[in-house]
Amino acid sequence: MITLSSNATYTVLEEQKPCALLSVSVALIGPSVLYLIKCLWKIIFKESKKPSRNTVMGIEFLVAFGTAILTIVAMPFFDIVTNAMILNSISILSSIFQVVAQFFAKERKHFIVPPIISIVLILAGYVLFIISYLQIRDDREMKIRIGLAIVGTIFISLNWWENYSTLFRNPFLNSISEDIVRSRNLVGILSSVVRILVTAAVVGAYVPLSGRDWSSVTSVPGNVRRVIWILVGIQIVSSALCHWFVVVACKMHAIRRSFLLPVYLATLGVVAAFIAPVIIFYQNLSKTRGANYTMTEYCFDITNGNGLSQNAVWYEKLVWDITHSLCPNDMTNQREIGFLVGSSLCWWLGWVLCTVYIWSLQLQRIERTEHLLVRRMYEGAFMEQSIMLNIHKQDDPVTVFLCATMWHESHDEMMKMIISMFRLDRYRPNKNPNNDVSFESHIYFDDAFKEVKGSEERFVNEYAENLVEVIQMVYNQLGKSQRIIRTPYGGRLEFTLPHGNQLMVHFKDKKQIRHKKRWSQIMYLYYILGWQLNRKYFMHFQDLKKEHDKEFEKETKLRKIMKANTYLLALDGDTDFQPSAVMLLVDRLKRYPDVGAACGRIHPTGTGPMVWYQKFEYAVGHWLQKTAEHVFGCVLCSPGCFSLFRGAALMDDNVTKKYTTKATEASDYIQYDQGEDRWLCTLLLQQGWRVEYNAASDAYTNAPQDFTEFYNQRRRWVPSTMANTIDLLRTGSQTSQKNSSISKPYILYQILSIIASILGPATICLMISGSVWQPVVAHALLAWAMVPPVIYLILCFKLKSDTQITIAAIFSVVYAFLMIATALSIISTAILLQTIWTPSALFIITMVLINVITAALHPKEFPLIIYGFLYFICIPSGYLLLTIYSMVNMNNVSWGTRETGGPAAPKPPTQTITQRILQAKCCNYPCWDCGKLEDQNVSFDVLQEEEDFWTELQKLYLEPLTVDKDKQKTIVKDLKDLRNKMTFIYFICNALWLVATFTIQAIGTSVTITVPKETLNLTLTDTEIHIDPIGLMFLFGFTVILLIQFFGMLYHRIYTFIHYVAYSSMKSRNRSRASDDNVQVNKHILADDD
């Protein structure tokens, strides 16, 4: 395009040059326009901080001005090889800054030599460039063009000043850099506008100053205009794709083979691609002119237009234009060719040496774009040069604490958890000092003690014994690597795993410390983040005399880093996972400092129809709902069975401290204790932290296998989900201001989702009645569809919970057959009416297509689509009957599952470790009769400091709850009152929806929407179809939600694939890091992480 802007070309005539210059300016501002749109989009959907007044746009002005004068004013007067290679000289200041950085550094490194050589080569390129063109034309105009070109490259090289601002230790520059990072979106808008305005001003002023007229743009022939704008489109699209693929290559750890080598060779490839057609055309012309036809004669013919046919195609004209730009040089003069080649090679080698440090960078998986590149805005005019100016941020090692809560897990469930912990031990041995991640495992066993008849002491129960036996089965050398500790909350077993990592089992006595899952979580939050993480800093701070002491500031910064790099992996006692699943979650938190929690893909395990239903339900929820939340806002619930939390986020204001709040009101029991993981995520979101979802991080957990357990589990989940969502929406305005990932459109999306959820029971009835086309039959069917839910609602208020579930099971079977009839009725109606353009048919087709395509995009999970039929026929059970059961039993705040626990495993033939470890023999604390202390490495008591910590923690938050019968009666009454109010509001909304729809259907066609009927082959007929507006509106809204989720899933799949490939590329390296150990482990339990 710059060649077409030169004075003499065959494609674009002299009087048509303003059109070519306009195309160059459009190509220059193309990236700025795209970046402007991106920043505006982020500001619309996310909050953005305003930059301070110190953040000036002076450098942006100089960069934009330098780019414009180089490409628009100067480069059209040079040959195409010089134009392609002079862009490499924009690395001049980067090389200088690298040399200066080495002198500021305490230790000078070996790569100070490449930037020094780079400076010499780039300066030598300038000298050869000046000599080369002054030999051709030694006049004032040429000197001005040469000067503008050199000044332009120097101005452009200021573009990456942020990369080196911290090297000069200038507070002003550092504050500007930090301010730009904080207000990246608004600064991006300002910088884009500055670049667009400066480029427009330069090209707008240059055209009349050069003696041309803008009115000639309209007189350009159509074929010429088409060629120009096709080139502009190719340049903009290819630059954007190049930038995106470079980022992807770096995230996928293909930096050398897929980024550096192609980009280094791109400039040489472009020059070769331009020169090759010139040589081919010269050889073809030599065949007709004779063997004595020289390159000088060829240039003379090109300059004078000899041999160019009037009917030449656009490609031939472009080749002649390229040749014409080279012809001012004497192609037979070795000196001139030497200057041309010498300056080009000097610039190219200088650029390569300036960026050679990138070869040694150790990038992390899915590195953030702002850590990969100095600037988020890429440069369209010098794409490969600007993209190489790369930034990298070193990462500190992180510590992951695995925190599992157990209660009544069975032997097999415990085995899954322990095996997973041993896998991690082998994956990251503690003996390797270069580990990027270290692990420590904790198991908090709730209500681990029991009373034995005839004894005043408390003994550990069979579930606790079962756990120790499982550990013994997995690790044969148990007795040699354990410590037994008596604690104020019960007791603790500490194990050193085969590869050096620690496993601690905390046995809780509910008479000493508060029991249930949320209080176990509070227990490990304070123990790990309060005691283990802060103890050494607290002890050190006490010795400091003044708070502003330099040592104090140093320790404070170190403590802040430790908080940010400490992660807690929340687990259930039956979770099964591979090391790769944990590492993929670690990547999310390491790359994005504003991420407070990340969850993986949860797979329910078990057998039977109830589990099959949940397999597809979980799949659809993760495929569509969680991906949409991740892409458009934040995930609202990170499940407690497998989620990674950042320590700094949990230690933030109003998170852990508020999480310790004891339920006092009726609504507190529902929000706090019925879905503790969702409430914790709500607190994180309200505090400004982001919650994410990683689809490649797989974890497996047992799902309810019988109908009763499933209904009792969802009886807790449904009210808790609604309570936390309403709480988040209630504070939506404040949350969107504090949380950059939660925008007002996302709040609107959640409002629509909860409306669809509330109206779910009525929608089921309407779907059943709407399957019949005849109005009279539809009215009767709607009435009959409403009768069973009303009856069941009344019975739920009168009968016991188990009886309610039994009736729900019977109704579920009836509704399953009715759903089959509904589907067949919709199909038969479409065939009878010879059209699929009815709301019910379109909705069913849309749902089927979206689910099938979504499943196809998850190849490993595609077989789950088989369970989709079971899910479809059970929709009334899951969204109608279950909703009624959950709402009516909202006042029941018991756990509902594992109340009796699974069967205890049979004891092994030889009682070894368990009999010696787990027997209570004292009064104050559960003690441990452990035989010979010398053989078992036993320490009876915790340190006095730790005992004081536990004692204080118990007094503050974890004292066993006393039963106040009067208070309990009040709470029971308040829970029933809350149940009655919420049930009334919930079902009156559904009743109003049904009445409105029924009324409109009864009125007839006077208030319906009339659309022309199309046959199955899309042929328009004279017949009309009448659709009630309310039903159409609801189906339309529900379809919009599905489409939003579908497009969110598509976007999420791309980046999940990138992350998975990045992890896979390092997999073999990670495996090789695991060293063999002499300690014997049962090998069959440590399956490879495939």
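Residues numbered from 1 in each chain as written. Predicted model: local features only at pLDDT ≥ 70, side-chain atom pairs only at ≥ 80, totals over all residues. Heavy atoms only, no water.

**Student:** Is there a simple way to explain the overall build of the chain in this structure?
**Tutor:** Counting its regular elements, the chain contains 41 helices and 14 strands. Considering the chain as a whole, with its 1090 residues, one finds that 53% of them fall into the buried category. Carbon and sulfur atoms make up 63% of the accessible area of the chain, which totals about 49000 Å². (Helix = DSSP H or I, 4+ residues; strand = E, 2+ residues; numbered from the N terminus. Buried < 20%, exposed > 50% of the residue type's maximum accessible area, 1.4 Å probe, protein only. Areas by Shrake-Rupley, 256 points an atom, 1.4 Å probe, with all protein chains shown as cover.)

**Student:** Got a minute to help me understand the pattern of salt bridges in this structure?
**Tutor:** Any two side chains of opposite charge can pair if their charged atoms end up close together. All told, the structure shown has 19 salt bridges when counted by the stated rule. For the salt bridge of Arg145 with Glu141, the shortest nitrogen-to-oxygen distance reads 3.3 Å. Remark: Glu141 and Arg145 occur in helix 6 (residues 140-156); sequence separation between them is four residues, near one turn of the helix. For Glu141, a relative accessible area of 36% translates into the label partly exposed. Of the charged contacts, one joins Asp977 and Lys973 as a salt bridge, the two residues approaching to 3.2 Å between their closest N and O atoms. Highlighted residues: Asp977 and Lys973, both in helix 39 (residues 965-1003), separated by four residues, approximately one helical turn. In the salt-bridge network here, residues are joined through shared partners; they are Arg483, Arg492, Glu494 and Glu946. (Salt bridge = Lys/Arg side-chain N within 4 Å of Asp/Glu carboxyl O.)

**Student:** Mind showing me how you'd approach the nonpolar core here?
**Tutor:** Across soluble globular proteins, nonpolar side chains show a tendency to be buried alongside one another. Core analysis: the biggest nonpolar cluster contains 58 residues, and Leu569 and Phe642 have the highest contact counts within it. Top contributing element to this core by residue count: helix 16 (residues 411-427), with nine residues. (Core = buried A, V, L, I, M, F, W, Y, C linked by side-chain atoms within 4.5 Å.)

**Student:** Explanation requested: the side chain of Asn712 in the structure shown.
**Tutor:** Assignment of secondary structure puts Asn712 in helix 27 (residues 707-730). On the basis of relative accessible area, Asn712 is assigned to the buried category, the value being 9%. At 2.9 Å, the side chain of Asn712 forms a polar contact with the side chain of Tyr885. (Polar contact = N/O pair within 3.5 Å; in protein donor to acceptor, adjacent residues only side chain to side chain.)

**Student:** How should the packing of aromatic side chains be read in this particular structure?
**Tutor:** Centre distance and the angle of the planes are the two values used to describe a pair of aromatic rings. Under the definition given, this model contains 32 aromatic pairs. Three or more aromatic residues joined by ring pairs make a cluster, and in this case those are Tyr613, Phe616, Trp623, Phe707, Phe710, Tyr711, Tyr871, Tyr879 and Tyr885. Positioned above the aromatic ring of Trp519 is the side chain of Arg514, whose terminal nitrogen or guanidinium carbon lies 4.4 Å from the ring centre. Between the NZ or CZ atom of Arg518 and the centre of the ring of Tyr659, over which it lies, the distance is 5.9 Å. (Phe/Tyr/Trp six-rings, centres within 6.5 Å; stacked < 30°, edge-to-face > 60°. Lys NZ or Arg CZ within 6 Å of the ring centre and 35° of its normal.)

**Student:** Looking at this model, I keep getting lost on the sheet that holds strand 1 (residues 398-406). Mind explaining?
**Tutor:** Consider a sheet: its strands pair through backbone hydrogen bonds, and that pairing is either parallel or antiparallel. Across the sheet, ten strands lie side by side as 5-6-7-2-1-8-11-10-12-9; this open sheet has mixed pairing. Two strands bound the open sheet, and with one partner strand each, they are strand 5 (482-487) and strand 9 (576-577). Sheet analysis places strand 1 next to strand 8 (residues 566-572), joined by seven bridges and oriented parallel. If you follow Thr405 over to strand 8, its bridge partner there is Asp572. (Pairing = 2+ DSSP bridges.)

**Student:** In this structure, what is going on with the pairing of strand 5? I would like to understand it.
**Tutor:** Working note: regular strand, side chains alternate between the two faces of the sheet. Where strand 5 meets strand 6 (residues 490-496), six bridges bridge the pair, whose relative direction is antiparallel. Bridging across to strand 6, Ile484 finds its partner in Leu493. The hairpin formed by strand 5 and strand 6 contains two residues between the paired strands.

**Student:** Honestly, unusual backbone geometry in this entry has me stumped. Any pointers?
**Tutor:** Most of the time, phi is negative for any residue but glycine, and the peptide bond is trans. Unlike most non-glycine residues, Lys516 shows phi in positive territory, near 90 degrees. In this structure, Asn654 is a non-glycine residue whose phi angle is positive, near 60 degrees.

**Student:** I'm lost on the environment of Ala809 in this one. Help?
**Tutor:** Along the polypeptide, Ala809 turns up in helix 32 (residues 801-833). Remark: the alpha-carbon pair of Ala809 and Ser877, spanning 68 residues in sequence, is separated by 8.1 Å.

**Student:** Would you explain the pairing of strand 11 (residues 642-646) in this entry?
**Tutor:** Where burial is concerned, most of strand 11 is hidden: five out of the five residues are buried. The alternating pattern of strand 11 places Phe642, Leu644 and Arg646 on one face and Ser643 and Phe645 on the opposite face, and all of these are buried. Alignment of strand 8 against strand 11, held across five bridges, turns out to be antiparallel. Across the sheet, residue Ala570 finds its bridge partner in strand 11, namely Ser643. Sheet topology places strand 10 (residues 595-605) next to strand 11; three bridges connect them, and they run antiparallel. Along strand 11, the bridge assignment pairs Ala598 with Leu644.

**Student:** What's the story with a nonpolar patch on the surface in this structure? I'm lost.
**Tutor:** A cluster of nonpolar side chains, contributed by Val237, Leu241, Trp244, Phe245, Tyr1051, Ile1054 and Tyr1055, occupies part of the molecular surface with about 660 Å² of accessible area. Every element with two or more residues in the nonpolar patch is listed here: helix 9 (222-251) and helix 40 (1029-1065). Tallying contributions element by element places helix 9 first for the nonpolar patch, with four residues. Structurally, the position occupied by Ile1054 is in helix 40. (Patch = residues over 30% accessible without salt bridge, like charges linked within 9 Å, V, L, I, M, F, W, Y side chains within 5 Å.)

**Student:** Explanation requested: the confidence of the model for the chain in the structure shown.
**Tutor:** When pLDDT drops low, the exact placement of atoms in the prediction is not to be read closely. Looking at the chain as a whole, its pLDDT mean stands at 79, while 77% of the residues score no less than 70. For the chain, helix 36 (residues 913-917) is the element with the lowest average pLDDT, namely 38, and strand 11 is the one with the highest, namely 95. Residue range residues 1068-1081 is modelled with pLDDT below 50. Its contacts to residues more than four positions away, or to other chains, number 34 contacts. (pLDDT = per-residue confidence, 0-100. Contact = heavy atoms within 4.5 Å.)

**Student:** Could you clarify how one ought to interpret the packing of helix 27 against helix 32 in this entry?
**Tutor:** Between two packed helices, both the angle of their axes relative to each other and the distance between the axes serve to describe the pair. Their axes nearest at 10 Å, the elements helix 27 and helix 32 cross at an angle of 110 degrees. One finds that helix 27 runs roughly perpendicular with respect to helix 32. Only Ser801, Asp802, Ile805, Ala808, Ala809 and Ser812 of helix 32 make contact with helix 27, whose side of the interface consists of Phe707, Thr708, Tyr711 and Asn712. Residue classes in the contact of helix 27 with helix 32 are distributed as five nonpolar, four polar and one charged. (Axes fitted to C-alpha atoms, helices over the stretch in contact; angles between N-to-C directions. Parallel < 35°, antiparallel > 145°, perpendicular 65-115°, else oblique. Nonpolar A, V, L, I, M, F, W, Y, C, P; charged D, E, K, R; others polar.)

**Student:** Looking at this structure, I do not really get the environment of Tyr206. What am I missing?
**Tutor:** Within the fold, Tyr206 resides in helix 8 (residues 184-209). With 185 residues separating them in the primary sequence, Tyr206 and Leu21 have C-alpha atoms 9.4 Å apart. What Tyr206 contacts, discounting residues up to four positions off in sequence, is Leu21, Ile72, Val73, Phe77, Arg145 and Arg212.

**Student:** Whenever I open this one, the packing of helix 26 (residues 676-686) against helix 27 confuses me. Can you help?
**Tutor:** Contact geometry for helix 26 and helix 27: axes closest at 10 Å, N-to-C directions at 10 degrees. In terms of axis orientation, helix 26 runs roughly parallel to helix 27. Residue-level contacts link Arg678, Trp679, Thr682, Leu685 and Gln686 of helix 26 to Ser720, Thr721, Asn724, Thr725, Asp727 and Leu728 of helix 27.

**Student:** Got a minute to help me understand helix 26 in this structure?
**Tutor:** Residues spaced three or four apart along an α-helix point in a common direction, a consequence of the helix completing one turn every 3.6 residues. In terms of residue burial, helix 26 counts as a mostly covered element, since eleven of its eleven residues are buried. Taken together, the buried positions of helix 26 are Glu676, Asp677, Arg678, Trp679, Leu680, Cys681, Thr682, Leu683, Leu684, Leu685 and Gln686. Immediately beyond the C-terminal end of helix 26, within one or two residues, lies Gly688, with a positive phi of roughly 105 degrees.

**Student:** For this particular structure, what's the right way to read the side chain of Ser420?
**Tutor:** Mapped onto the fold, Ser420 is located in helix 16. Discounting chain neighbours no more than four positions away, the residues touching Ser420 are Thr575, Asp576 and Phe577.

**Student:** How do you make sense of helix 32 when you look at a structure like this?
**Tutor:** The first and last C-alpha atoms of helix 32 sit 46 Å apart over 33 residues, in line with the 48 Å expected at 1.5 Å per residue. Two residues or fewer past helix 32, Gln834 is found with a positive phi of approximately 60 degrees. (Expected span 1.5 Å × (residues − 1).)

**Student:** Looking at this structure, I do not really get the environment of Met75. What am I missing?
**Tutor:** Tracing the sequence through the fold places Met75 in the loop between helix 2 (58-74) and helix 3 (80-86). With a relative accessible area of 2%, Met75 lands in the buried category. When the C-alpha atoms of Met75 and Leu148 are compared, they prove to be 9.2 Å apart, with 73 residues separating the residues in sequence.

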